[in-house]
Amino acid sequence: MDIARRPLLAAAFAFAAAPAAAQVLRPAIQPVAASVPQGNGLTAGEALLRLVDRLLRLEEDGLDPRHYNIPDSTLAASDPAAWRAALHVSAALALQDLVAGRVREMPGRADLRRNAAALNLNAWMAELATTPDPAGLLDRAAMLPRGAAALKAELARQRRLAANGEWAQVPGTATLDPGMVDPDRVPLLRARLAAEDPVLAAAPDAGALYDPVLEAAVRRWQAANGLEVDGRVGPISIGLLNRPIGARIDQLRVALDMRRGAPTPPAERRVEVNVPDFRLQVMEGDREILAMAVIVGRPDRATPMLNVRLTALQFNPPWGVPERNAREDLLPRFRRDPQAMMERGFRVFSVIGGERVEIDPRTIDWSSINGQRFPYFVRQDAGDSSALGRLKFIMPNNDDIFLHDTPDRHLFRRPDRAFSSGCIRLADPDALMATVLQGTAGWDVARANRALASRGTSVVTLGRSLPLRLHYTTTVIEADGRVRIRPDIYRLDAAYARAMALPNRAAMASVARMQQVTAR
C-alpha cells in the first residue's frame, strides 16, 4: 500500500501511535488506547485504519466516498479527537445509505419499496456506536441487498473495463450479417466485443470478414444481454454495443441502491412485471410459477410503475379507445379508409343533447377534424381483430392500465418490445388465465374456454385477488449468477443516478439528531 498516495490512511497510521482522545461523537464509541487489543484482536488504531480504508472504498458499493465528508488528514494531525469524531459521523452517514438506500423515494416510482420497520436503523446505529470494528459493520451492511455479491462483482468488472477507456463504437445502423465483408464496420465490431470477451481477444483477427469466430462472440454477447441469439447485428444490437460504459456502471450502482431496504418477497402468490426486461412472472416467494414475454409502453407512452391487485378477468373485451390514441393513432386511419375501420370493429360516438349517439364514420369529414381536439368517442367491439384480443385482466388503478391479449403476435419475436400505449400485452394470456382462476369457485379452464368461445363479453371476479407489481429493474441476476443489464428505455435509471448524486438530507438530519442527543 502506497501510504503517500492515501493521505487519510497515512493520518490513521499516525493516529494509531497517538494517545486515545476523550472527546468523541458519543461516549459509547470511544476507542480504547491505540495499543490495547480489542475483542476482535484489533487495536483502536488498526480499527480506525480499517474504517478510513473502508470509507474510501465505498465505490465498491456503488456509492461516492465524496458524499460522506471523510475528514481531511490535516485535522488528524491538528486535532485527533475532532478527526475521530468526524470519522464516525462519516461512518454513520455511510451506514444509513448502505442499509436504507441513498435514494429513499422517487416521484412516480411506486415500485421502489423500503421496509422501514424491518430496517431497524436504530439498532445498526447502536452497534456502530459500540463496535470495535466499524469497518466490519459497514462490510456486513453492504452485503444486505439480495444479489449484492453478484452486483458488486459485476460493478468491479465494469470499472476495470472502464479503466481501459471507452470502447470502440460501431457506426451506422445497417445490419451486419455473418459472412459479410465490411472493412470499416467489422473491425470496429470485433474491437468492441474483444474489449470484454477474452476468447475473441485471443483469437486471430480476420480483418474485414465477419467470420465464424466473430459470430460466436456476437452470439455470446447477445445471450448475455437477453437478445435474440442469431448472430445478426442490427440497430438494436448496435445501440446496446455503443452504450457508454459509464451508463452501465450507473445502472449497476442504481441496482444496488434500489435493493437496499427492500422488503423480503411475500410468500403469497403474486404477479411481477419487469417493464424494461419485457417479462412477466407469477411468483410464490422465490419460486417461479409462470413466466412469459410481454409488450410494454413505448417511451413516449411509458407504462407507469404500480402496486395494485389483479381482481377480475374479462372475456371478449371491447376497447374504449383513450382520447390520445384516437387522436394520434386512429384519426389518420379514419382519414384514409373509414370503411376499413368499420370492418375492424371501430364505432364512433358523439354526445348530442346530453346523450351518446353513434355516428356512421363514413359520413364524417375526417380531413376537417382537428388532431389536437378530437370531438368523438371511439370504441372497438370485441372480436378477432380487437386490440385487446380475447382476454383482459383487470387491476383497478388511476392510470387505466391493464394486462391483455393482442392479435399482434409477431411483435413477441422482437427482443425490444416497447410498442404499446402503456398497457401490458401478454404472450400467453391463456396460461395466465388458468393460473389466476385457481381458487375461483365454479370456474376452471374448460368453463373459461366456453366463455371465450361464446364471443359474448363477460366478467368473472377472481376468488383470490393477486398482488400485481409493475417495476423497473434493468439489472437482472440470472439463476446461474450472471448479471444482465437491459436498456434504460424510460431513462429512469439515469434519473435515479442523478438523485444519488444529490445530498441525502434525511440521513444527514438523522445523524445531526444523534449528535444533539449525544451533546446533551
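Anything mentioned here points back to the structure above.
(A) Representation of the overall build of the protein chain in the model. When you go through the protein chain residue by residue, the secondary structure sums to 19 helices and 15 strands. In the protein chain, buried positions account for 48% of the 520 residues. Of the contacts made within the protein chain by residues no fewer than 6 positions apart, 67% connect residues no fewer than 24 positions apart. Within the structure as shown, the protein chain displays about 23800 Å² of accessible surface, and the carbon and sulfur contribution to it stands at 53%.

(B) Quick look at helix α2 (residues 44–56). If you check α2, its first and last C-alpha atoms are 19 Å apart, about what 13 residues at 1.5 Å a residue would give, namely 18 Å. Counting buried positions along α2 yields 10 of 13 residues, so the element is predominantly enclosed. Within α2 the residues assigned to the buried category are A44, G45, A47, L48, L49, L51, V52, D53, R54 and L55.

(C) Representation of the sheet that holds strand β6 (residues 346–352). Taken together, the 4 strands give an open sheet; going across it, the order is β5-β8-β6-β7, and neighbouring strands pair in antiparallel fashion. Across the chains shown, the open sheet's two edge strands, defined by having one partner strand only, are β5 (319–320) and β7 (355–359). Pairing of β6 with strand β8 (residues 377–380), which is carried by 4 bridges, proceeds in the antiparallel orientation. Along β8, the bridge assignment pairs F346 with Q380. Docked against the sheet, helix α14 (residues 323–336) engages β5, β6 and β8, running at close to 115° with respect to β6.

(D) Seen up close, the pattern of salt bridges. Per the counting criterion, the structure on display carries 47 salt bridges. A salt bridge links D211 to R190, with the shortest nitrogen-to-oxygen separation between them at 3.2 Å. Of this pair, D211 sits in the loop between α10 (198–202) and α11 (212–224) while R190 is found in helix α9 (residues 185–194), placing the two residues 21 residues apart along the sequence. Judged on exposure class, the residue D211 and its partner R190 are both buried.

(E) Looking closely at helix α17 (residues 445–453). Taken residue by residue, α17 has A448, A451 and L452 as its buried positions. For α17, the arc enclosing every buried residue in end-on projection is 100°, short of the 170-degree limit, so these residues lie on one face. Pointing more than 90 degrees away from the buried face of α17 are the exposed residues R450 and A453. Here the buried face of α17 lies against β4 (306–315), β9 (391–394), α16 (429–436) and β13 (458–471).

(F) How the structure looks around the nonpolar core. Counting residues in hydrophobic clusters, the biggest one holds 58 residues, and the most contacted among them are L280, F315, F393 and L432. Grouped together as the second largest cluster of nonpolar side chains are 38 residues, L48, L51, L63 and L121 included.

(G) Quick peek at the side chain of T435. Within the secondary structure, T435 is located in helix α16. At a separation of 2.9 Å, a polar atom in the side chain of T435 contacts the main-chain carbonyl oxygen of A431. When sequence neighbours within four positions are dropped, the list of residues in contact with T435 reads R269, V282 and L290.

(H) Focus on the packing of helix α4 (residues 80–100) against helix α6 (residues 121–130). Direction vectors running N to C along α4 and α6 enclose 150°, while the axes themselves pass 10 Å from each other. Like other packed secondary-structure pairs, α4 and α6 cross with a definite hand, here right-handed. Side by side, α4 and α6 meet where H88, A91, A92, L95, Q96, V99 and A100 of the first sit next to L121, W124, M125 and L128 of the second. For the contact of α4 with α6, the per-class residue count stands at 9 nonpolar, 2 polar and no charged.

(I) Examining unusual backbone geometry more closely. Notably, F278 is not glycine yet its phi reads approximately 55°, a positive angle. Relative to the helices and strands, F278 is located in the loop between β1 (269–274) and β2 (279–284). The class of F278 is buried, set by a relative accessible area of 3%. Positive phi outside glycine occurs at D400, with the angle close to 55°. Structurally, D400 can be placed in the loop between β9 and β10 (403–404).

(J) Quick peek at the packing of helix α8 (residues 148–163) against helix α13 (residues 245–259). It is at 10 Å that the axes of α8 and α13 come closest, and there the two elements cross at 160°. Between α8 and α13, the interaxial angle falls into the category roughly antiparallel. Where α8 crosses over α13, the handedness of that crossing is left-handed. From α8, A148, L151, K152, E154, L155, R157, Q158, R159, L161 and A162 reach across to α13, where they touch I245, R248, I249, L252, R253, A255, L256 and R259. A per-class count over the contact of α8 with α13 returns 10 nonpolar, 1 polar and 7 charged.

Cut-offs and rules
- Residues numbered from 1 in each chain as written.
- Predicted model: local features only at pLDDT ≥ 70, side-chain atom pairs only at ≥ 80, totals over all residues.
- Heavy atoms only, no water.
- Helix = DSSP H or I, 4+ residues; strand = E, 2+ residues; numbered from the N terminus.
- Buried < 20%, exposed > 50% of the residue type's maximum accessible area, 1.4 Å probe, protein only.
- Contact = heavy atoms within 4.5 Å.
- Areas by Shrake-Rupley, 256 points an atom, 1.4 Å probe, with all protein chains shown as cover.
- Expected span 1.5 Å × (residues − 1).
- Pairing = 2+ DSSP bridges.
- Axes fitted to C-alpha atoms, helices over the stretch in contact; angles between N-to-C directions.
- Salt bridge = Lys/Arg side-chain N within 4 Å of Asp/Glu carboxyl O.
- Arc of directions from axis to C-beta.
- Core = buried A, V, L, I, M, F, W, Y, C linked by side-chain atoms within 4.5 Å.
- Polar contact = N/O pair within 3.5 Å; in protein donor to acceptor, adjacent residues only side chain to side chain.
- Left-handed = near helix turned anticlockwise from the far one by under 90°.
- Nonpolar A, V, L, I, M, F, W, Y, C, P; charged D, E, K, R; others polar.
- Parallel < 35°, antiparallel > 145°, perpendicular 65-115°, else oblique.

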